[in-house]
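# Close look at the chain arrangement
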Amino acid sequence: MLSSHPRGLYLLFATEMWERFSYYGNRALLALFMISALAFDKQFTAALYGQYTGLVYLSPLIGGYVADRFWGNRRSIMVGGLLMAAGQFCLFFAGSVYQNLSLAVPLFYLGLGLIIAGNGFFKPNISSMVGQLYHAGDARKDAAYTIFYMGINLGSFLAPLVCGTLGDTGNPADFRWGFLAAGMGMLISLVVFGTLQHRYLHTPGGEPIGLPPKRLTAEEKKQVDQSLTTIDIDRMLVIGVLSFFVIFFWSAFEQAGVSLTFLASESTDRTIFGWTMPTSWFQSLNPVFVLLFAPVLAQLWSSLAKKDREPASPTKMAIGLLLLSAGFLVIALGVKQIAPGVKMSMLWLVAMYWLHTLGELCLSPIGLSLVNKLAPAKFASLLMAVWFLANAAANWFAGVLAGFYPEAGKPLPVFMGWQITDLADFFTLFVVMAFVAGALLLLLTGVLQKRMHGVR
């Protein structure tokens, strides 16, 4: 199966793998750094985390537009990567002077700002280039996005282990080494892409992809502006509806970087034969499960397709939301079982991350592939950015929801009139939210399929 794909896919795989190593290495340390080194409280940390990750996924709207209109994918990726590397090194310097908050905090904010801007140019463009390697109706696209998604998760798996080992030592002075490793990962991504892009990034017919758009004459512009059909509009509406539903998925899923990090740090027994596992390592569970189960699900979809029983993409995404709900049900039951002053077994977290990963595999690579198949060619990068806009709203919402995490010595939080008295109540929020969203999407699947006009 692997040899049947163009070599450009593996170049994009490697580029994205190292960029995700950089981003998730940063994410594994971010909340811990804010609390332990910068002395932020949990509520402020959760809000700032949500704002930062939300803006990370909002900035692709600008990056996608610039690429489609002016720079093309390749130049946007290089500029974005350089900005992100600079941001990681700013975080390294912030960690180096963390005891001087008047200097460390501005450096910290500058670093986050550069990463936000850089991601805007990098993220939508590399994702949209995957689809350009194939003919419009090529049946290999879903498999290609699954392979590409494995690259994302290989980087995500390595990042907490490497950056967490270096930075999450219990000594605030060591966070800088984790951020330094994240910055080096971003530089490797740029070197790989910069040296091999001209050799491997081309269409099946040999035409280079990712170049700046050619300048159109006035007559050509008029023709392009009139080229959207009713089918195009219907398909764009489907992208919009599905983008709305993924907000509920990612706002719960992204608790991994905040409330689930608090849970792992404070309420989970991390001792293995006398050795205490770093909190940040739990964030490697999701990507390692992706690497193990992505081929299984890819084979499942392929087998069902041969029997003409493969679920439509919206159905797969609804299943993803229901699996996410099941994962939070596991953790809600886990925290309910523990007595005051006792920590829960890490096996509850392992089970939750396994279910979350299966849900993610039903939703995220399928969504990336579907956006590429539904989007009109001239809006490919921009509509990929719209997809990431849903992630922006979700990450912001994740930070808001994490602010309801109950904290000893502080007033009990209230969510829409419901008082959250303990951790079980808090995680039940996500059980209900994900289940309702998944059930509604399942009911809407038939309507959405009609508006997809043959795309599955």
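Here we summarise the structure given alongside this text. On a predicted model such as this, the values are computed, not experimentally measured, just so you know. (Residues numbered from 1 in each chain as written. Predicted model: local features only at pLDDT ≥ 70, side-chain atom pairs only at ≥ 80, totals over all residues. Heavy atoms only, no water.)

### Brief notes about a nonpolar patch on the surface
Taken together, the side chains of Val 432, Phe 435, Val 436, Leu 440 and Leu 443 define a hydrophobic patch exposed on the protein surface, amounting to about 500 Å² of accessible area. Here Leu 440 is to be found in helix 14 (residues 423-452). Look at Leu 440 and you get partly exposed, because its relative accessible area is 44%. (Patch = residues over 30% accessible without salt bridge, like charges linked within 9 Å, V, L, I, M, F, W, Y side chains within 5 Å. Areas by Shrake-Rupley, 256 points an atom, 1.4 Å probe, with all protein chains shown as cover. Salt bridge = Lys/Arg side-chain N within 4 Å of Asp/Glu carboxyl O. Helix = DSSP H or I, 4+ residues; strand = E, 2+ residues; numbered from the N terminus. Buried < 20%, exposed > 50% of the residue type's maximum accessible area, 1.4 Å probe, protein only.)

### Examining the pattern of salt bridges
For the coordinates displayed, the defined rule picks out 6 salt bridges. Between Glu 254 and Arg 27 there is a salt bridge whose closest N-O contact spans 2.6 Å. Here Arg 27 lies in helix 1 (residues 7-36) and Glu 254 lies in the loop between helix 8 (230-253) and helix 9 (259-266), a separation of 227 residues in the sequence. Of the two residues, Glu 254 and Arg 27, both sit in the buried class. Measuring nitrogen to oxygen at the nearest pair gives 2.2 Å for the salt bridge that ties Lys 42 to Glu 266. Note that Lys 42 is positioned in helix 2 (residues 42-58) and Glu 266 in helix 9, a separation of 224 residues in sequence.

### Structural notes on the packing of helix 9 against helix 14
One way to put it is that helix 9 packs onto helix 14 with a least axis distance of 12 Å and a crossing angle of 150°. Between helix 9 and helix 14, the crossing angle belongs to the class labelled roughly antiparallel. Our pair here, helix 9 against helix 14, has a crossing hand that is left-handed. The residues of helix 14 that touch helix 9, namely those facing Ser 259, Leu 260 and Leu 263, are Leu 423, Phe 426 and Phe 427. Tallied by class, residues from the contact of helix 9 with helix 14 come to 5 nonpolar, 1 polar and no charged. (Axes fitted to C-alpha atoms, helices over the stretch in contact; angles between N-to-C directions. Parallel < 35°, antiparallel > 145°, perpendicular 65-115°, else oblique. Left-handed = near helix turned anticlockwise from the far one by under 90°. Contact = heavy atoms within 4.5 Å. Nonpolar A, V, L, I, M, F, W, Y, C, P; charged D, E, K, R; others polar.)

### So, the packing of aromatic side chains
Counted under the stated rule, the structure contains 27 aromatic pairs. On the basis of an interplanar angle of 20° and a centroid distance of 5.6 Å, the ring pair of Phe 249 and Phe 253 is categorised as stacked. Of the two residues, Phe 249 and Phe 253 are both situated in helix 8; the distance of 4 residues between them amounts to about one turn of the helix. With a centroid separation of 6.2 Å and 20° between ring planes, the pair formed by Phe 328 and Phe 427 is classed as stacked. Of this pair, Phe 328 sits in helix 11 (residues 313-337) while Phe 427 sits in helix 14; the two residues are 99 residues apart in sequence, bridging distant segments of the chain. A network of ring pairs unites the aromatic residues Phe 33, Phe 40, Phe 44, Phe 108, Tyr 109, Phe 175 and Phe 179 as a single cluster. Its end group placed over the ring of Phe 262, Lys 42 keeps NZ or CZ at 5.4 Å from the ring centre. Over the aromatic face of Trp 301 sits the side chain of Lys 316, whose NZ or CZ is 4.4 Å from the ring centroid. (Phe/Tyr/Trp six-rings, centres within 6.5 Å; stacked < 30°, edge-to-face > 60°. Lys NZ or Arg CZ within 6 Å of the ring centre and 35° of its normal.)

### Points about unusual backbone geometry
Excluding glycine, a negative phi dihedral is what most residues carry, and trans is how most peptide bonds are arranged. We note that Asp 308 has phi near 60°; this positive angle belongs to a residue other than glycine. Given the relative accessible area of 72%, Asp 308 is considered exposed.

### Observations concerning the packing of helix 10 (residues 285-306) against helix 12 (residues 346-374)
It is the contact of helix 10 with helix 12, at a shortest axis distance of 9 Å, that shows an interaxial angle of 50°. Relative to helix 12, helix 10 is oriented oblique. Pair helix 10 / helix 12 crosses with right-handed handedness. Of helix 12, the residues touching helix 10 (which contributes Leu 285, Asn 286, Phe 289, Val 290, Phe 293, Ala 294, Leu 297 and Trp 301) are Val 350, Tyr 353, Trp 354, Thr 357, Leu 358, Glu 360, Leu 361, Cys 362 and Ile 366. Here the contact of helix 10 with helix 12 is built from residues that sort into 14 nonpolar, 2 polar and 1 charged.

### Notes on helix 14
Over its 30 residues, helix 14 extends 41 Å from the first C-alpha to the last, a length consistent with the 44 Å expected when each residue adds 1.5 Å. Along its length, helix 14 reaches its greatest deviation from straightness, about 50°, at Thr 445. Among the residues trailing helix 14, His 453 stands out with phi positive, at a value near 50°. (Expected span 1.5 Å × (residues − 1). Bend = angle between axes of the 7 residues up to and from the residue.)

### Looking at helix 12
The end-to-end C-alpha distance of helix 12 is 41 Å, a good match for the 42 Å that 29 residues give at a rise of 1.5 Å each. The sharpest bend along helix 12 reaches about 35° and sits at Glu 360. For helix 12, the buried fraction is high: 23 of the 29 residues fall into the buried class. Of the residues that open helix 12, the one with a side-chain oxygen 3.1 Å from the backbone nitrogen of Leu 347 is Ser 345. (Polar contact = N/O pair within 3.5 Å; in protein donor to acceptor, adjacent residues only side chain to side chain.)

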